[in-house]
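Here is what each chain is made of, one letter per residue.
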Amino acid sequence: MDEEYIRTLLPAYALGALEAGEAVLVERTLPSSPALRQELDALRAVVGELAYAAPPAEPPERVRAALLTRVESNVARAASLSAEAAEPAASPWRRWPGRLATGLMAALLLCVLGLGGLTLMMQRSVSEALAVNAQLADKLAAAQQLLDTTRTAQQQLEAQIAASRAQLAQNERQIAQTAGQLAESQRQIDLLADQISAQEQDFSFISAPGVATRDLNPAGGASNAAGRMYMRPGEQQAVVIFRGLRTLEPGKVYEFWLAQGKAQVAVGSVVADADGNARLMIEAPEAVNNFQEVMLTVEASGSQPSQPSGDTVLAGRLATD
Amino acid sequence: VTKTLERTAAPPTLDDDALMARVATGDSQALAALYERHSRAAFGLTMRMLSSAEDAEDVLQEAFWRVWQRSATYQQGRGNFAPWLFGIVRNLCIDELRRRQSRPSKADGGDEALLHGLPDLGSDVHEEAWQLERRRTLRTALAQLPADQRQAIELAYFGGLSQREIAEQLDSPLGTVKTRIRMAIQKLHGLLHPRGFDSETL
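These figures come from a predicted structure and were not determined experimentally. (Residues numbered from 1 in each chain as written. Chains lettered and ligands numbered in written order. Predicted model: local features only at pLDDT ≥ 70, side-chain atom pairs only at ≥ 80, totals over all residues. Heavy atoms only, no water.)

Student: Whenever I open this one, the overall build of chain B confuses me. Can you help?
Tutor: Helix and strand content of chain B: 8 helices and 0 strands. Each helix and strand of chain B, ordered N terminal to C terminal, gives the series α-α-α-α-α-α-α-α. When the accessible surface of chain B is summed, it comes to about 9000 Å², and 49% of that surface belongs to carbon and sulfur atoms. (Helix = DSSP H or I, 4+ residues; strand = E, 2+ residues; numbered from the N terminus. Areas by Shrake-Rupley, 256 points an atom, 1.4 Å probe, with all protein chains shown as cover.)

This is the structure in structure tokens:
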């Protein structure tokens, strides 16, 4: 691990404000870096000074009394254990009844020296046990400290996990939102591709050799609407380009008609864009040049009329006089 | 050991390390002397963090009990008893705050609380004078920090919050909070070191 990076973490580590993962990085690096340890000691001293930013307060006397009672009780208990362990050979004597025969007493007295030696051995054993006990107490205290540290690290990790889960949920929402935007973009691309394809089809038709044009003019005279029809004699297909069409009220639609004598045929509906422009590719029932007139009318949408019934917007003649 | 512990001031000839050496041998009077010397600062810290006299008393007693129990793990010769004690006190306070499962939405008294709080002199005039000087020096150093840096270390030290928790509480980017804390501690180190408040002399 880069020592310089670890050095940047030391202030927050000394303050106890690092997240658990970063704290582990610091703790792994410290044993191998005396310089970092020295720097950490200095920063810890600074953090320790922050305690003096709190106004001092006189604790009640009962706190001191309770503490010292607790400590004295602890000391007394340890001393009692030590004393009991040191007098195991004396107590049995007090329990011997006085009626024991003098001879037996005399025999037992012969063992005094041996018992004295045994007592000394037991005292040494007790001393050793107390030393071991002290070591165990130290280890217990260290383990308690480690447990405290671990508990704090666990709480920090749990907080991090909760934060990560919230972030994950947010990411999933963003992914779903992005997928929706992507689908919408794809739909618009498809729509544009269709329009480009239609325009290329129109262009190839309009620019083909032998194509004749016929203009459509406003039927009422005052409109800005205009149209031009591209047709090829002998063929049933034709393209009509419109401009200046006004936006119709809801329920109305532009309908394009071919007229042959008194017979009129609807060959398609026209939908203008926001600028009033529109195009229509028609497929006539017979060669387009067999019809004499064309017109664009306003009809009720969905009515499928057999003949024009609404206002005529544009009209034009196909036959040349 | 049945001797009664009298309330005595810390012997002026014994520094903290010397008293801790005695505590490690089971000398409860040495612990009492350390209590006399540091209990007011430690109790002030617990009151500041917990805002509850009852909880603060429990924490103070438990902290000095741990000093007694863990005296063997104390590193002698480095003059760092006070930071060690305050570390124990602070960890106990943080445990208590987490038990409450409610953090202060803002440190009591706000950022300015770091700058105020005048001590009243107690019976140990020498020790109190020394602590008063420490407080004045610390207050001068803190006053030189930008307010946002003071606020960050306030929340970390007295609120027991991690950098991420501070960022969430202040609604600030985590990187900004990290920078504030790093710069604040480094600047405090630079300001306090020349005055003798470092690991070598404390």
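From this point, the discussion proceeds with the structure in view.
Student: What is the right way to look at the interface of chain B and chain A in this model?
Tutor: Note on interface size: it is often stated as the accessible area lost on association of the parts. At the junction of the two partners, chain B supplies 71 residues and chain A supplies 51 residues. Across the chain B to chain A interface the summed buried area is about 5700 Å²; carbon plus sulfur atoms make up 62%. Of all residues in chain B, Gln61(B), Trp65(B) and Ile185(B) give up the largest surface area on contact with chain A, accounting jointly for 11% of the area buried on that side. Put simply, chain B and chain A have 7 salt bridges between them. For Glu62(B), the salt bridge is made with Arg70(A), and the minimal N-O distance between the two is 3.4 Å. For the pair chain B and chain A, the number of links is 17 residue pairs in polar contact (both at pLDDT 80 or more). The set of elements that each furnish at least two residues to the side of chain B that touches chain A consists of α2 (28–50), α3 (53–69), α4 (81–100), α5 (125–143), α6 (147–157), α7 (163–170) and α8 (174–192) of chain B. The greatest single-element share of the side of chain B that touches chain A, amounting to 13 residues, is contributed by α2(B). (Contact = heavy atoms within 4.5 Å. Buried area = accessible area lost by both parts, 1.4 Å probe. Salt bridge = Lys/Arg side-chain N within 4 Å of Asp/Glu carboxyl O. Polar contact = N/O pair within 3.5 Å; in protein donor to acceptor, adjacent residues only side chain to side chain.)

Student: So what exactly am I meant to see when it comes to the sheet that holds strand β3 (residues 237–243) of chain A here?
Tutor: Strand pairing in a sheet relies on backbone hydrogen bonds, with the paired strands running either antiparallel or parallel. All names here are of chain A. Read from one edge of the open sheet, 8 strands run β5-β4-β7-β8-β1-β2-β3-β6, paired in antiparallel fashion. Both outer strands of the open sheet, β5 (263–270) and β6 (278–283), are each paired with one neighbouring strand and no more. Strand-to-strand twist in this sheet, taken as the mean axis angle between neighbours without regard to direction, amounts to 25 degrees. Relative to β3, strand β2 (residues 226–231) runs antiparallel, the two being bridged by 6 bridges. Bridging across to β3, Arg228 finds its partner in Ile241. (Pairing = 2+ DSSP bridges. Axes fitted to C-alpha atoms, helices over the stretch in contact; angles between N-to-C directions.)

Student: I tried to follow the packing of aromatic side chains on my own but got confused; where do I start?
Tutor: Two aromatic rings, taken as a pair, are described by how far apart their centres are and by the angle between their planes. Evaluation of the coordinates by the stated rule reveals 7 aromatic pairs over all chains. Judged by centre distance (5.9 Å) and plane angle (75 degrees), the ring pair of Phe242(A) and Phe256(A) falls under edge-to-face. You can see Phe242(A) sitting in strand β3 and its partner Phe256(A) sitting in strand β4 (residues 252–260), a full 14 residues away along the chain. Following the ring pairs from residue to residue traces out a cluster consisting of Tyr74(B), Phe81(B) and Trp84(B). Sitting over the face of the ring of Phe158(B), Arg48(B) holds its NZ or CZ atom 4.8 Å from the ring centroid. (Phe/Tyr/Trp six-rings, centres within 6.5 Å; stacked < 30°, edge-to-face > 60°. Lys NZ or Arg CZ within 6 Å of the ring centre and 35° of its normal.)

Student: Would you explain the side chain of Gln156(A) in this entry?
Tutor: Within the secondary structure layout, Gln156(A) lies in helix α7 (residues 112–206). Classification of Gln156(A) as buried rests on a relative accessible area of 10%. A polar contact of 3.4 Å, which involves the side chain of Gln156(A), links it to the backbone nitrogen of Ala20(A). Discounting residues that sit within four places of it in the chain, Gln156(A) has contacts with Gly16(A), Leu18(A), Glu19(A), Ala20(A), Arg98(B) and Ser162(B). (Buried < 20%, exposed > 50% of the residue type's maximum accessible area, 1.4 Å probe, protein only.)

Student: How should I be thinking about the pattern of salt bridges in this particular structure?
Tutor: Think of it this way: side chains of opposite charge can pair up when their charged atoms draw near. Under the defined criterion, the tally for this structure stands at 24 salt bridges over all chains. Put simply, Glu22(A) and Lys178(B) hold a salt bridge, and the shortest N to O gap is 3.0 Å. Here Glu22(A) is found in helix α2 (residues 20–29), whereas its partner Lys178(B) is found in helix α8 on a different chain. For Glu22(A), a relative accessible area of 13% gives the class buried. When the shortest N-O distance is used, the salt bridge between Asp148(A) and Arg66(B) registers 3.0 Å. A residue pair is termed interchain when its members come from two chains, as with Asp148(A) in helix α7 and Arg66(B) in helix α3.

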